[in-house]
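The residues making up each chain are set out below.
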Amino acid sequence: MPFISKIQRQSDYSSFPPDHPIVIDNGASYFRIGWAGESEPRVIFRNIIQRPRHKITGETITVVGDHNPALLKYFDCTRSGPRSAFDGNVVYQFEIMEYILDFAFDRLGADQSQINHPVLITECACNPLQSRTKMAELLFESYGVPSVAFGVDAAFSYKYNQQLGICSNDGLAICSGFNTSHVIPFLNGEPVYEACCRTNIGGYHVTDYLKQLLSLKYPHHMSHLTWEKVEDLKMEHCYIALDYASEVRLFQKGDKKAEEKTRCWQLPWTPAPVEEAPSEEEVARKAALREKQGQRLREMAEAKRINRINDLENEVRDLEMLLQRLRHATTEDDVTLILAKSVHNSKQEVESAFSKATQSLRKAKGEPAESVEKVDSSSSEKYNLISVPDEMLTPDQIKQKRKQIFIKSTSDARQQKKQRQVEEELERERQKKLEEDRRLENPEQYLEELRAKYRDLSEKLEQRKRLKTNPGQTNGNNNNNNNNNPSGGVGRGERLNSSQRERMRLLTTAAFDRGKGEDTFGTRDEDWQLYKLMSRDNDDDDEDDKLDPFESELARISSRLQEIDPTFVFKSEPGPASAEAPRFRPLTKEDFQIVIGVERFRCPEILLNPNWTGIDQAGLDEMAGVSIGRLLLSKVGEGVDEERVTDSILLMGGSCLFPGMSERLEAGIRMVRPCGTRIRILKASDPILDAWRGASAYAAAARFSRQTFSRKDYYEKGEDWLRSYRLRYTV
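Compared with the 20 Å implied by 1.5 Å per residue over 14 residues, the 20 Å span of helix α21 (residues 620–633) between its first and last C-alpha is a close match. The complete set of buried residues in α21 reads L620, D621, M623, A624, G625, S627, I628 and L631. Here the buried face of α21 lies against β12 (171–176), β13 (181–187), β15 (197–199), α22 (642–646) and α23 (661–672).

Okay, structure coming up:
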């Protein structure tokens with residue numbers, strides 16, 4: 001990659017004399033600093049800072065440049081993102097700039113607060129006076145530099161390539177940087193700022209556009225689409241299409257050429273473990289293990305049941321002996337003395353406990369409960385008014401008698417219901433045992449019978465549902481309905497069941513009675529019976545919604561088939577009650593791939609069409625034509641041959657590294673210039689570092705000291721003198 005950081009601290013700072021200049025390329029993306037006359041900068045880092053907070057101590061630190069992930073894992077970076085000192089390509093946050101300069105001078109090896117070396121620092125073309133004066137104030141006041149020189153990075157790069165023989169003395173520099181893009185014409189080796197152009201589009205916008213497109217395309221992989229990774233994808237895979245429309249049509253067809261131009265980024269992915277089918281020995285071993293565990297559980301349950309029976313038998317025997325002693329007691333004092341030695345308070349409580357213990361014992365042994373309950377003396381005492389005629393009772397006693405009759409009937413009904421439940425449970429257990437014996441005798445025949453029952457019940461339920469949905473149509477041909485209904489469908493009345501049709505009839509009758517004249521509904525008591533009938537119909541609807549015996553039997557058989565037949569698949573009807581949860585397929589390697597196709601050339605296209613991102617400005621090719629036109633109309637460019645300028649168009653900056661940029665710019669400039677104009681697009685030897693190298697070579701010249709602005713001039717002439725300050729690049 002072209003962007004490589006170097007932040008090792010230098011140790012030879014003291015070996016340079018005080019008059020040796022320091023060269024700074026203050027770019028919006030990367031900061032480069034080194035010594036004049038050298039071919040490579042000593043220190044390179046990203047021109048940003050970050051102020052994370054320590055997760056334990058809460059201390060805030062300042063991190064300049066590229067952060068170390070191993071170090072920042074102890075800090076909370078969510079509240080403080082990367083911050084830059086630039087707004088576009090103009091420095092305006094000088095507090096951040098001071099942090100960056102502190103770090104840069106420290107990495108260069110400075111061991112004092114004062115920097116006793118002249119400084120050559122780059123700036124953008126037509127830099128505002130306010131930004132230049134603040135930078136001079138920062139360097140003079142905070143660092144005490146003896147002199148400062150300001151130069152345009154694109155001009156240094158052009159002059160450096162001119163020295164290498166790549167471009168001529170007159171030409172055009174197209175510099176596409178991180179935040180902005182410039183087009184600067186040159187005459188006699190000097191930039192003509194009156195004819196330059198700028199567009200607020202650069203590599204930052206290309207990366208951001210690519211990140212947006214990939215995030216919309218793969219929203220479930222947004223955590224992987226970090227800024228640094230998208231920047232790498234842009235520099236590695238993006239290119240400029242010679243004809244954007246034809247390139248889009250190529251990808252729309254999806255032929256072999258489009259597949260060859262498509263790139264794939266494989267994300268980290270771990271395949272799911274494949275479950276191998278168990279062998280017959282493994283199946284037999286697991287079956288034997290399950291049978292052994294089941295036998296153990298059955299033995300434990302049988303032992304628990306036997307202990308329960310023994311405990312209940314002892315309890316029944318003790319209660320029976322206690323009842324015999326109570327029956328043989330002659331006086332109340334004897335009864336009280338006997339009950340004092342037990343946990344019961346009365347004879348009725350002992351009899352009730354004896355009855356419950358007897359029932360529990362019969363249930364534990366699996367014997368049927370007694371069909372006829374014994375009426376004990378407590379029951380006769382509790383319902384003593386039931387057998388007394390009403391003529392012998394007072395009005396209060398008659399009310400009490402009715403209450404006793406209601407309570408006794410409710411209690412009897414509850415006991416009978418419990419008895420029926422016990423009998424049904426015993427019957428189910430008996431049927432289940434018989435069915436299990438049949439299965440063990442002939443498993444294949446038993447399985448075939450279950451499948452046949454399942455098919456028969458499924459067909460019956462399906463037929464019932466069809467009849468319930470459309471009772472007017474049967475299995476025969478219903479020609480009358482088809483003739484009456486040309487659409488071939490069924491009406492609402494044919495889709496209703498009997499209870500719903502009855503409710504509709506009642507509502508229609510009530511509405512018909514109201515339409516005869518005066519509304520008299522409700523004057524008679526019989527009118528209010530309509531609501532009772534409708535409520536009864538609603539109860540019928542609720543009963544229809546309940547599970548009928550066929551459905552219960554089908555559910556039981558399905559459950560049984562799922563237990564004993566591994567090939568059985570239960571087919572449920574689609575609906576809100578029986579809707580199955582969606583089945584998700586397992587994730588594969590393709591699900592963790594990010595395919596970059598049309599995005600490869602769509603994102604860099606905004607350098608030539610900024611209006612795609614909402615920036616209503618000209619692209620690089622159009623700016624070149626505008627700049628040449630301004631040059632020919634300016635006073636400096638009077639009598640200049642246009643072909644001398646178009647014959648040396650130099651591309652520089654990180655965003656000019658896209659493949660196809662030279663061909664596309666040549667085609668675009670040729671469309672806005674006269675026919676037959678000679679156009680030659682050249683590329684800088686190193687579009688990234690040529691600006692610093694050109695500034696280094698310029699600062700190493702003997703006449704560099706005449707182009708600087710000294711600290712003495714700053715204190716004597718003030719900041720206004722910087723307004724007319726302009727560096728001459730031909731020395």
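Bringing the environment of I681 into the picture now. The topology assignment puts I681 in strand β19 (residues 681–683). Note: C-alpha distance between I681 and L651 (30 residues apart in sequence) is 7.4 Å. Among all residues touching I681, those that are not within four sequence positions of it are I649, L651, S662, E666 and I669.

Peptide bonds are trans in most cases, and residues, glycine excluded, mostly fall at negative phi. Non-glycine residue C126 carries a positive phi angle of around 55°. The residue C126 is located in the loop between β10 (119–123) and α3 (129–143) in this model. Classification of C126 as exposed rests on a relative accessible area of 53%. Phi is positive for N188, which is not a glycine, with a value near 55°. Examined against the element boundaries, N188 turns out to sit in the loop between β13 and β14 (190–191).

Here the focus is the confidence of the model for the protein chain. Chain-level pLDDT for the protein chain is 83 on average; 85% of the residues reach the 70-or-more range. Throughout residues 473–494 the model reports pLDDT below 50, and contacts reaching past four residues in sequence, or to other chains, amount to 16 contacts.

So, about the side chain of T708. The residue T708 is located in the loop between α24 (690–699) and β20 (709–710) in this model. Using a relative accessible area of 15% as the deciding quantity, one classes T708 as buried. A distance of 2.9 Å separates the side chain of T708 from the backbone oxygen of S705, its partner in a polar contact. With near-sequence residues (within four places) excluded, T708 lies in contact with S147, V148, A149 and Y725.

This brings us to the nonpolar core. Residues I22, I24, F31, I33, M97, L101 and F105 are the most contacted members of the largest nonpolar core, which totals 69 residues. Among the elements that take part in this core, helix α2 (residues 94–108) stands out by supplying nine residues, more than any other. Not counting chain neighbours up to four residues away, the residues in contact with M97 comprise N26, F31, A85, V91, M135 and L138. In this structure, L187, L213, L233 and L665 belong to the second largest nonpolar core, which totals 46 residues.

Cut-offs and rules
Residues numbered from 1 in each chain as written. Predicted model: local features only at pLDDT ≥ 70, side-chain atom pairs only at ≥ 80, totals over all residues. Heavy atoms only, no water. Helix = DSSP H or I, 4+ residues; strand = E, 2+ residues; numbered from the N terminus. Expected span 1.5 Å × (residues − 1). Buried < 20%, exposed > 50% of the residue type's maximum accessible area, 1.4 Å probe, protein only. Contact = heavy atoms within 4.5 Å. pLDDT = per-residue confidence, 0-100. Polar contact = N/O pair within 3.5 Å; in protein donor to acceptor, adjacent residues only side chain to side chain. Core = buried A, V, L, I, M, F, W, Y, C linked by side-chain atoms within 4.5 Å.

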